[in-house]
Amino acid sequence: MERLAMETRNITDKNIQKILELFPNVATESRDENGKLKTAIDFNKLKQELSEDIVDGQETYDFTWVGKREAMIEANRPIRKTLRPDRESSVNWDTTENIYIEGDNLDALKLLQESYMGKIKMIYIDPPYNTGNDKLPYRDSRKQTKSEYEEALEIYDDNGYKMFKNRDTEPRFHSSWCSFIFPLIMLSKKLLSDNGLIFISMDEHEITNLTKICDELYGRKNYITTFVWEKGKEGGNDSNLMRSHYEYILCYCNSSWSDDIIALDKKDTSRHITEDKEPNLVKGIETDINKGELFQLINLSKQKDYKVEIPLIDGSVIKWDSYAPQKSINDWIKIGKLFVGSKRVPYVKSYLKDELQGQKPSNILTQNYGTTKAGSIEMRTFFGSRKIFAYPKPSELIKRLLQIGSNPNSIILDFFSGSATTAHAVMKLNAEDGGNRKFIMVQLPEVCDEKSEAYKAGYKNICQIGEERIRRAGEKIQEENPDKKIDIGFRVFKVDDTNMKDVYYTPNETAQKQLGMFESNIKDDRTDEDLLYGCLLDWGVELSLPHKVEVIDGKRVHIVNEQEGFEPDLIACFEDSIPESVIRKIAEKKPTRVVFRDSSFVSDDNKINVEEIFKLITPDTKVKVI
């Protein structure tokens, strides 16, 4: 009976096999670190295959930096880690399809490769901008003295997550950032569907290098656009000479030949509000029309109400309570955004869609889609006056990108989750258009400074802030939409070391006298649920599928995604001494996959008997042990 690998796949080996399928004559052999022969690529032959006239050493157009090769190797390097479920931190575990992962984002992306390859419709990330004050995960293998190492690193938690401050005085300032971001984008691309899109927020510090990296990994033909976002009227002191009012959002698609990449703006984008349907939004119109159709004005503040006076051509004035100051109303009238209808009822053009409705979206994102200040105000609505998180993106901005880059049933990934704005935007848009988008958030549990407002409020790390923001935003969205079924839950998983003891991977290296220590090859602190989700990752099954436990003849059996009319995706039983009656009842469910513990069977004969039972009852079922 075959064993599950219980570690991420060696992507280099996969890439070699794909190359050899195209060019079998470039195969050669090399020795690994243990001196064993392994299949490799003869790169000189491969060069000859790809060109009619290659001359070694000739000049080529290339983008490189110190550490690029190591960054590529890092992306392909397998890891022995897993995702452990945390029900206590989760919301609606049994019904939700949303995922929140606490841990290093590179590890998380490697762990998600099998289960989500080609399934993600849209990725949005807001990575460090490399301003000289950013902290990056420490993955640099270069040699340092002890003092240099201690100066560079700050250890944040017992899990060994380490960060270093990438100062702009560092000689490898740009190289370190490129080495940090390159493997992340390289791995995330593999998760995108053929018609998938990636959106990356960035300012002027690294937008040039980021574009070159994306050109290399995605190909220039798959460049969509660079969105320009007006982040605020005040601007930021990002430069010694100028104030910056804009940031950029780089956008690439996975394949420009795919269909349904960009969602066109809908023609009918106005929101109709009537007094009988939504009385709280109609403050009262002091005209001879007490009831009538009304279009909601842009909600700029909500901090206090304003009396708005709208002058008409005939000299009369419409007085109306609104959520926008008089100056904004006057500005809207001047630019033709605000009108007065035939029944003397004011209405405003929708700001959620482009003026050319039904056409291609614009790459200009004005302040109507939120500002940096709006993002901070939004956080205060959930956490009070404390400054819990610095410079969060506004949910309206991410929601706009979702309107452009996702479909109602898309999976959305953000592996720089931060305050979880993307999760908030997904839930908000689902509430508006009835969609069923699912999110996967990934965030390193970077600890909060003890002097920060977040720490004083009880949040020890950024993950706790993000998770609480999702809880509060979800509750608010559901309260505002009581008649709609919205998935406001999420399953929390934590990146951790493998569930398996070392003997699982190197049984031949285990001395005979140590065998007594390894009656089980599974670590003592791991639960059945830890093992189950480790198996799902290894076997490429989505983490969001429904999971239930049945007791069959006294043994606990885990069943994943059993729906009426369909076979379960996976069944697992990790009990000791599983009787034949349980094996037969599991087989009768005809699951796609089945997994047991190696220690569930007292002998090889028992394993052979299990295989024969499945061959007889359900021959297509794949059976493995851990």
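Scroll up to find the structure.
The present account deals with the structure reproduced in this document. This structure is a prediction, so every number in the text was calculated from the model and none was measured. (Residues numbered from 1 in each chain as written. Predicted model: local features only at pLDDT ≥ 70, side-chain atom pairs only at ≥ 80, totals over all residues. Heavy atoms only, no water.)

1. Thoughts on the overall build of the chain
Tallying secondary structure elements over the chain gives 17 helices and 27 strands in all. Across the chain, contacts joining residues at least 24 apart in sequence account for 70% of those joining residues at least 6 apart. Only carbon and sulfur atoms are counted for the fraction: they give 47% of the accessible area of the chain, which is about 32,400 Å². (Helix = DSSP H or I, 4+ residues; strand = E, 2+ residues; numbered from the N terminus. Contact = heavy atoms within 4.5 Å. Areas by Shrake-Rupley, 256 points an atom, 1.4 Å probe, with all protein chains shown as cover.)

2. Some details on the sheet that holds strand S1 (residues 2–3)
Pairing in this open sheet of 6 strands is mixed, and the strands run S1-S27-S26-S25-S24-S23 from one edge to the other. With partners counted over all chains shown, the strands left at the sheet margins are S1 and strand S23 (547–552), one partner each. One ladder, built from 3 bridges, connects strand S25 (residues 570–573) with strand S26 (residues 593–596); its direction is parallel. Across the sheet, Cys573 pairs through a bridge with Phe596, a residue of S26. (Pairing = 2+ DSSP bridges.)

3. Examining the packing of helix H6 (residues 173–191) against helix H7 (residues 207–218)
Packed helices, taken two at a time, are described by the angle between their axes plus the distance between the axes. H7 packs onto H6 with a crossing angle of 35° between their chain directions and a minimal axis gap of 10 Å. Between H6 and H7 lies a crossing of right-handed hand. Between H6 and H7, the residues in contact are His174, Trp177, Cys178, Ile181, Phe182, Ile185, Met186 and Lys189 and Asn209, Leu210, Ile213, Cys214, Glu216, Leu217 and Tyr218, respectively. Taken together, the residues that form the contact of H6 with H7 break down as 11 nonpolar, 2 polar and 2 charged. (Axes fitted to C-alpha atoms, helices over the stretch in contact; angles between N-to-C directions. Left-handed = near helix turned anticlockwise from the far one by under 90°. Nonpolar A, V, L, I, M, F, W, Y, C, P; charged D, E, K, R; others polar.)

4. Regarding the side chain of Glu378
Its location among the elements puts Glu378 in helix H9 (residues 372–383). Looking at Glu378, its side chain comes within polar contact range of the side chain of Ser395, at 2.4 Å. Look past the residues within four positions of Glu378 in its chain and what remains in contact with it is Lys393, Pro394, Ser395, His424, Lys428 and Arg469. (Polar contact = N/O pair within 3.5 Å; in protein donor to acceptor, adjacent residues only side chain to side chain.)

5. Remarks on the nonpolar core
Among the nonpolar cores identified, the biggest contains 74 residues, and Ile101, Ile440, Leu543 and Ile626 are the most heavily contacted of them. Discounting chain neighbours no more than four positions away, the residues touching Ile440 are Ile99, Ile101, Leu112, Tyr116, Ile120, Ile411, Ile412, Leu413 and Asp414. Counting 44 residues, the second largest nonpolar core, distinct from the first, contains Tyr100, Phe227, Phe439 and Cys463. (Core = buried A, V, L, I, M, F, W, Y, C linked by side-chain atoms within 4.5 Å. Buried < 20%, exposed > 50% of the residue type's maximum accessible area, 1.4 Å probe, protein only.)

6. Some words on the pairing of strand S20 (residues 411–414)
In S20, alternate side chains face the same way, and those of Ile411 and Leu413 on one face and Ile412 and Asp414 on the other are all buried. When S20 meets strand S21 (residues 438–443), the two strands line up parallel, connected through 4 bridges. When the bridges of S21 are listed, Leu413 appears paired with Ile440. You can see the chain leave S20, run along helix H11 (residues 421–433) and come back into S21, and the turn it takes is right-handed. (Right-handed = clockwise from strand over helix to strand, strands pointing away.)

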